[in-house]
Amino acid sequence: MKKIALCFFILLAASFLAFSQGNKATISVSGSGSVRVPADAARLTFSVITKDPSALLSVQNNASKMNKVYDALKKLGIDEKSISTSNYSLYQENIYKDGKSEPGDYVTSNDIVVVLDDSDKAGMVIDTAISAGVNRMNGISFFVKDSKSALDEARILAFQQAKDKALLYAKEAGRKLGKVISIVEDGGYYPATRESMDMKVMATSNTTMISAGTDDISASVSVVFELE
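All residue numbers refer to positions counted from 1 along the written sequence of the respective chain. With the structure being a predicted model, the display of local features is reserved for residues of pLDDT at least 70 and the display and counting of side-chain atom pairs for 80 or more, all residues being used for whole-chain, interface and lining totals. Just so you know, side-chain values use all the structure's heavy atoms and leave hydrogens and water out.

## Overview of the overall build of the protein chain
As a reminder, the rule being used: Only DSSP runs of H or I covering at least 4 residues are called helices, and only runs of E covering at least 2 are called strands; the numbering of each starts at the N terminus. Buried residues are those whose accessible area, probed at 1.4 Å on protein chains only, stays under 20% of the maximum for their type, while exposed residues exceed 50% and partly exposed ones sit between those limits. Where accessible areas are quoted, they stem from the Shrake-Rupley method and a 1.4 Å probe; at the residue level, only the protein chains shown are allowed to cover.
Helix and strand content of the protein chain: four helices and nine strands. Listing each helix as α and each strand as β along the protein chain from the N terminus yields α-β-β-α-β-β-α-β-α-β-β-β-β. Each of the 228 residues in the protein chain was classed as buried or not, and the buried ones make up 32%. Summed over all atoms, the accessible surface of the protein chain reaches about 14300 Å², with 56% contributed by carbon and sulfur.

Here is the structure:
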């Protein structure tokens, strides 16, 4: 009987201790951090468009011009894996004359995407592609190849800001900051691809100069600290 009573007392004490620990004073704070990094990669989209009286002739002429574009890009040292077809289409134009629709030439459009691991090469690639036969530039976008280290740095800054806030509040409340109870990341920001409207393009007499600019990588976190 005494043994049962002793076990009950131990369980009751353990429950009381857990209840006490679960009701300790805490403070919840948030923090954010941001790191600015240069956009170091680029994605360019080009098209070769041909118009001819017959579908076969349009397709053949297009293939001939596109092969020249591929060869020119490869001579620049661009890996074939970095060049891909994004769209290919063939259609016959409709010409409106005297209020009537008449069949026109056949139009072939071959769209390619070129991914550069060095954004500084963008201007040279644009000039080379156009000289080789590209007759439509669809756009250019910039991005950061590896943002992990910058994001980790932003996370550290975010946590430190949250801790600094907690220390200030604890001091003002006459308490000491205890251990961390929980950490919740509110979301990290990997820079989105920036389209051509954000880029700076400067034309000179010889080459196209392009500036990729920079991106901000940020992180935010919510931290709960124990108060002593």
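Picking up after the structure, the text goes on.
## Thoughts on the layout of surface pockets
To be explicit about the condition: Only protein atoms enter the 1 Å grid, on which a cavity is a set of points fitting a 1.4 Å probe that cannot get out and a pocket is an open set with protein on both sides within 12 Å along at least 5 of 7 lines, lining residues being those with an atom within 4 Å of a point. Grid points are joined across faces, edges and corners, and a volume is the space filled by probe spheres set on the points. Polar here means any residue other than Ala, Val, Leu, Ile, Met, Phe, Trp, Tyr, Cys and Pro, which are nonpolar, and Asp, Glu, Lys and Arg, which are charged; Gly is therefore polar.
Volume-wise, the largest pocket comes out at about 170 Å³. For the largest pocket, the full set of lining residues is Leu76, Gly77, Ile78, Asp79, Ser82, Val115, Leu116, Asp117, Lys121, Met124 and Val125. Counting residues per element, the ones that place at least two in the lining of the largest pocket are strand E4 (100–116) and helix H3 (122–132). Considering only residue class, the lining of the largest pocket consists of six nonpolar, two polar and three charged.

## Brief notes about the packing of helix H2 (residues 55–75) against H3
Keep this limit in mind: Each axis is a line fitted through C-alpha atoms, and for a helix only the stretch in contact is used; angles between axes span 0 to 180 degrees, taken between their N-to-C directions. These descriptions rest on fixed angle ranges, namely under 35 degrees for roughly parallel, over 145 for roughly antiparallel, 65 to 115 for roughly perpendicular, and the rest for oblique. In this scheme, a crossing is called left-handed if the near helix is turned counterclockwise away from the far one by less than a right angle; it is called right-handed if the turn is clockwise. Residue contacts are counted whenever heavy atoms from the two residues lie within 4.5 Å of one another.
Interaxial distance between H2 and H3 falls to 8 Å at its minimum, and their mutual angle equals 150°. In terms of orientation, H2 and H3 fall into the roughly antiparallel class. Regarding H2 and H3, the two cross each other, and that crossing is right-handed. Counted together, Lys65, Lys68, Val69, Ala72 and Leu73 of H2 and Val125, Thr128, Ala129 and Ala132 of H3 form the full contact between these two elements. When grouped by side-chain class, the residues that make up the contact of H2 with H3 number six nonpolar, one polar and two charged.

## Overview of the sheet that holds strand E3 (residues 83–97)
This is how it is decided: A strand pair is defined by DSSP finding two or more bridges across the two strands.
Spatial strand order, E3-E4-E2-E5: four strands in an open sheet with antiparallel pairing. The open sheet terminates on both sides in strands that have one partner only, identified here as E3 and strand E5 (136–143). Neighbour-to-neighbour, the strand axes of this sheet turn through a mean angle of 20°, independent of strand direction. Pairing between strand E2 (residues 41–52) and E5: seven bridges, direction antiparallel.

## Section: the packing of aromatic side chains
Put simply, the rule reads: Pairing of aromatic rings covers Phe, Tyr and the six-membered ring of Trp, with a centre-to-centre limit of 6.5 Å; geometry is then stacked below 30 degrees between planes, edge-to-face above 60, and tilted otherwise.
Applying the stated criterion to the full structure yields one aromatic pair. Where Phe159 meets Phe225, the ring centres are 6.4 Å apart and the plane angle is 45°; that geometry is what we call tilted. Of the two residues, Phe159 is situated in helix H4 (residues 148–172) and Phe225 in strand E9 (residues 214–227); the sequence distance between them amounts to 66 residues. Under the relative-accessibility criterion, Phe159 is labelled partly exposed at 25%.

## Quick word on H3
The complete set of buried residues in H3 reads Ala122, Gly123, Val125, Ile126, Thr128, Ala129 and Ala132. Looking at the buried side of H3, the elements it contacts are E2, H2, E4, E5 and strand E8 (208–211). Within two residues after H3, Gly133 carries a phi angle of roughly 140°, on the positive side.

## Some remarks on the confidence of the model for the protein chain
For clarity, the threshold we go by: The predictor attaches a confidence to each residue, called pLDDT, with possible values from 0 through 100.
On average, residues of the protein chain score 83 in pLDDT, and 82% of them are at 70 or above. Contacts for the low-pLDDT stretch residues 195–205, under 50 throughout, to residues beyond four places or in other chains number 18 contacts.

## A few points about the nonpolar core
The following threshold applies: Put simply, buried Ala, Val, Leu, Ile, Met, Phe, Trp, Tyr and Cys residues joined by side-chain atoms within 4.5 Å make one nonpolar core.
Membership of the largest hydrophobic core comes to 25 residues, with the highest contact counts inside it found for Leu44, Phe46, Val69, Leu73, Ile112, Val114 and Val125. Among all residues touching Phe46, those that are not within four sequence positions of it are Asn110, Asp111, Ile112, Val114, Val125, Ile126, Ala129, Val134, Arg136, Met137 and Asn138. Within the second largest apolar cluster, 10 residues are counted, among which are Ala158, Ala170, Val223 and Leu227.

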